[in-house]
Amino acid sequence: MYYNQYMRFTEKILVALLSFSLSAGCATQMEKSVKDGIYSGASQGYGGTVEVNITIADQKITAVNVSAPYESQVVASSAVKLIPEAIVSSQSTVIDASSGATITSDAICAAVEDALQKADADMDQWKDGEPVSIRNPKKDITTDVVVVGGGTAGLSAALRLRQMGIDTTVIEKDDACGGVMKDLVSAVQIVSSRTKAEKETSETEDPGNSEEDHEQSSREETEPAGTLEDDLAPYFVEESGMLEVFMEQLDGTMIWQEDDLGIPFEDELLETDPYHEAVVARYDTSANTVGELLGKEAEVSGARLLYSTAVISVEENSDGTVVHAKSADGTLYTVTCTYAIIATGTWDDGEYITINSKLNEDDAHKISQQNGYEYVNGNSILMATGYQPDDHTVIDLFDHLDGLLKYGGVIVNGDGERFVDETADRQTVSNAVISQQQDCYLVLSRKGYETFRSRLLKMELDGETKDLISSDEGKDIFFITSKGQINDVVPVGRVIQEYEQSLSQLSLNDGYEDAFGRNSFKGNLSLENGIVLIRLSVFSTGNTGGLSVDNSFHALRADGAVSEHVFAAGSVCGNVLKEQDAPGLRTAWAFVSGKTVADEIGSVLAEDQLNKLLEKETEK
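Each chain carries its own residue numbering, running from 1 in the written order of its sequence. Predicted model: local features are reported for residues with pLDDT of at least 70 only, side-chain atom pairs are reported and counted for 80 or more only, and whole-chain, interface and lining totals are derived from all residues. Excluding hydrogens and water, the side-chain values take into account all heavy atoms of the structure.

Caption draft 1: Structural view of the sheet that holds strand 2 (residues 49–57). When DSSP finds at least two bridges between two strands, those strands are taken to pair. Helix and strand assignments follow DSSP, with helices taken as H or I runs no shorter than four residues and strands as E runs no shorter than two, numbered in order from the N terminus. As summarised here, the arrangement of the 3 strands in space is 1-2-3, forming an open sheet in which the pairing is antiparallel. The sheet terminates laterally at strand 1 (37–44) and strand 3 (60–67), the two strands that pair on one side only. Averaged over all neighbouring strand pairs, the angle between strand axes comes to 25°, with direction disregarded. Here 7 bridges tie strand 2 to strand 3, and the two strands are oriented antiparallel to one another. Its bridge partner lying in strand 3, Val-52 is registered against Val-66. Along the sheet, helix 3 (residues 102–118) makes contact with strand 1, strand 2 and strand 3, crossing strand 1 at roughly 135°. Fitted lines through C-alpha atoms give the axes, limited to the stretch in contact for helices. The angle between two N-to-C directions lies from 0 to 180 degrees. Only heavy atoms matter for contacts: two residues are in contact if any of them lie within 4.5 Å across the pair.

In structure tokens:
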């Protein structure tokens, strides 16, 4: 009897619950007042305008497409994916997003509401009900040192720390380490005043027998020759005191690069005193790119590598630092450490298009604003050796020039005149192009262009850019196949004639050199076979701004106080290098500062460890 009563009671409860469930379901699926169609909306995000297109069918939102080009791509990626999915599934714009990108999440919802209003929606209906919660997975990590940025400076610091057995975590926004170096550099001059060949020539020249020569020789004997430090002084901010640090650490850093990291150099490091022609150090062109090599070293170093992960904030306290970061898959990291090294690099966001701008979003500026560190606004570091196939991509051509010159590669200005030795260093070529104040072009034979194009297609470029290059539709490439076209873009006919004469003279006289000293012509520029002009583009490789540091690389606060637990390395040290740039100096600075910061931290941690051991012994 009791059993039957219990069953009847249970049935009533189940019927009631089912009825409630169905009515609740009907409520959530209730038709809402809105017009079918496709509507756009916009709202202000963290870095700029967030735009959406929503599709409404049968009075329901069936799709939400988001465009957020100005948001931090890694931080905002999960919000761009998850928020639209939540809006479509819930048919509501009330989303509670704990995604590490709250501002972007709110902007997406606001943009959808803007679009709904254009569809004559009853906004009360779309905002009704409990918020839909989105929770990202979370991970806690404890480590000795966090390195923010896996470029040259960051990896130098991380690899040196791991050599000392220090637990190290690298947070890198890209999906691989190496920074700009992995895309741009196969060989780079670190620091040079004059080449070794020039030095040897000057030493073997006849000093002369005239009285004037004798007086000059006497002066040179009594007056000390200029040093590398003298050469580099114009490039360093004097007040920073970092030129002295750089000079003290340069030799040891380059020996470390070669002996410990396995980075080969074509030229030996020469004595830095007392010669004016102090240092020639060029990476071996037969080796892998330096960035790739550093990335491989990082993989086997034992460092914890968080790829596709961006830093949200850096919080310093009396015991150390807490770094909050978010990965592209939405995972939120809380990394507790003793020291943090900011090695994000700096990037220009001004009028000039930048290389890899999607990866460098002025993170240092955001970190300084959040934590009160002193930030120095700088000027753009400009280069004029780029090729811009579309509106958002610039590819630096300089590292391709060596191999392309054999195909008749020359650089001309808008008047069809050669004005620079194409084999000079990057900065010299770039400065010469900029000084022309007019369009300049790289001139190649058709065979040279095919080689050039095949190299570009091997680079990490987006699909649309590769399609343009594959189809020869890049906007800054011009094909000339007849004499009738020769003046359509640039009057280069005279250059081609001179070049052909150079080749004919070379065949008769192996010692022939053109006006720029080139005597290794192996290809031909010929209108008959067709030539290609590639317009050279000005682009930014970064800027001179960034976090202020003292001469021990501690970050400085806006009130002048020294940060005990936060350091900076590389180009993010905004109060060190000036806008003017010596060939390869910033690369050398990245290695020197990264290693020096690691040594500084390593010595402090070693001292702390020793003190702890002494305290234990004292207690015993």
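Caption draft 2: Molecular detail of the packing of aromatic side chains. Pairing of aromatic side chains here covers Phe, Tyr and the six-membered ring of Trp, requires ring centres within 6.5 Å, and sorts the geometry by plane angle: under 30 degrees stacked, over 60 edge-to-face, intermediate tilted. As enumerated under the stated definition, the model contains 8 aromatic pairs in all. Ring centres of Tyr-339 and Phe-567 lie 5.9 Å apart, and the angle between their planes is 65°; on these two criteria the pair is classed as edge-to-face. Remark: Phe-567 occurs in strand 24 (residues 562–568) and Tyr-339 occurs in strand 13 (residues 339–342); sequence separation between them is 228 residues. In this structure, Tyr-339 and Phe-567 share a single accessibility class: buried. Between Tyr-449 and Phe-452, the ring centres sit 6.1 Å apart and the planes meet at 45°, which makes this aromatic pair tilted. Remark: Phe-452 and Tyr-449 occur in helix 15 (residues 446–457); sequence separation between them is 3 residues, near one turn of the helix. Burial classification: accessible surface area is computed with a 1.4 Å probe over protein chains only, and a residue below 20% of its type maximum counts as buried, one above 50% as exposed, and the rest as partly exposed.

Caption draft 3: Inspection of the sheet that holds strand 21 (residues 537–543) at higher detail. Spatially, the 3 strands line up as an open sheet ordered 16-15-21, and their pairing is antiparallel. Only two strands of the sheet have a single partner each, and these edge strands are strand 16 (393–396) and strand 21. Mean inter-strand twist for the sheet, computed between neighbouring axes without regard to direction, equals 60°. Here 5 bridges tie strand 15 (residues 380–390) to strand 21, and the two strands are oriented antiparallel to one another. Following the sheet pairing, Gly-386 is matched in strand 21 by Ser-537. The strands that helix 16 (residues 463–470) touches are strand 15 and strand 16; relative to strand 15, the one it contacts most, it runs at about 65°.

Caption draft 4: Local environment of the side chain of Gln-257. Structurally, Gln-257 can be placed in helix 10 (residues 242–259). Ignoring anything within four residues of it in the chain, the contact list for Gln-257 reads Gly-262, Ile-263, Phe-265, Tyr-283 and Phe-591.

Caption draft 5: Structural view of the packing of helix 5 (residues 152–163) against helix 18 (residues 585–619). Remark: helix 5 packs on helix 18, axes separated minimally by 7 Å, with the N-to-C direction vectors making an angle of 35°. Crossing angle aside, the handedness with which helix 5 passes helix 18 is right-handed. Between helix 5 and helix 18, the contacting residues are Thr-152, Ala-153, Ser-156, Ala-157, Arg-160 and Leu-161 on the first element and Ala-590, Phe-591, Ser-593, Gly-594, Lys-595, Ala-598, Asp-599 and Ile-601 on the second. In this count, Pro and Cys sit with the nonpolar residues alongside Ala, Val, Leu, Ile, Met, Phe, Trp and Tyr, while Asp, Glu, Lys and Arg are called charged and the others, Gly among them, polar. Looking at the contact of helix 5 with helix 18 residue by residue, the classes come out as 7 nonpolar, 4 polar and 3 charged. Here a crossing is called left-handed whenever its near helix is offset anticlockwise from the far helix by less than a right angle, and right-handed whenever the offset is clockwise.

Caption draft 6: Focus on unusual backbone geometry. Positive phi, normally seen in glycine, also occurs at Gln-91, with a value near 55°. Note that Gln-91 resides in the loop between helix 2 (73–90) and strand 4 (95–98). The exposure class of Gln-91 is buried, given its relative accessible area of 11%. Here Asp-120, not a glycine, exhibits a phi torsion of approximately 55°, which is positive.

Caption draft 7: Spatial organisation of the nonpolar core. What makes a nonpolar core is a set of buried Ala, Val, Leu, Ile, Met, Phe, Trp, Tyr and Cys residues whose side-chain atoms join them at distances within 4.5 Å. Membership of the largest hydrophobic core comes to 77 residues, with the highest contact counts inside it found for Val-145, Phe-236, Phe-246, Val-323, Ile-341, Trp-589 and Ile-601. No other element matches helix 18, which puts 10 residues into this core. Not counting the four nearest positions on each side in its chain, Ile-341 is found in contact with Val-145, Val-146, Val-147, Val-148, Ala-157, Leu-161, Phe-567, Ala-569, Val-597 and Ile-601. The next biggest cluster of nonpolar side chains, apart from the first, holds 31 residues, and it includes Ile-54, Ala-79, Ala-107 and Ile-108.

Caption draft 8: Quick look at the pattern of salt bridges. The rule for a salt bridge is simple: a side-chain nitrogen of Lys or Arg has to be within 4 Å of a carboxyl oxygen of Asp or Glu. Applying the stated criterion across every chain yields a total of 13 salt bridges. A salt bridge links Arg-304 to Asp-167; its shortest N-O distance comes to 3.5 Å. Placement of Arg-304 in strand 9 (residues 304–306) and of Asp-167 in the loop between helix 5 and strand 8 (168–171) is noted, with a sequence separation of 137 residues between them. Overall, Arg-304 belongs to the partly exposed group, its relative accessible area being 31%. Overall, Asp-167 belongs to the partly exposed group, its relative accessible area being 30%. Linking Arg-535 and Asp-439 is a salt bridge whose minimum nitrogen-to-oxygen distance equals 2.6 Å. Here Arg-535 is found in strand 20 (residues 531–535), whereas its partner Asp-439 is found in the loop between helix 14 (426–436) and strand 18 (440–445), with 96 residues between them in sequence. Bridged by salt links that share partners, the residues Arg-160, Lys-595 and Asp-599 form one connected network.

Caption draft 9: Inspection of helix 11 (residues 290–300) at higher detail. Those residues of helix 11 not exposed but buried are Val-290, Gly-291, Leu-293, Leu-294, Gly-295 and Ala-298. Just past helix 11, the residue Gly-302 takes up positive phi, approximately 90°.

These values are about where atoms sit, not about what they do.
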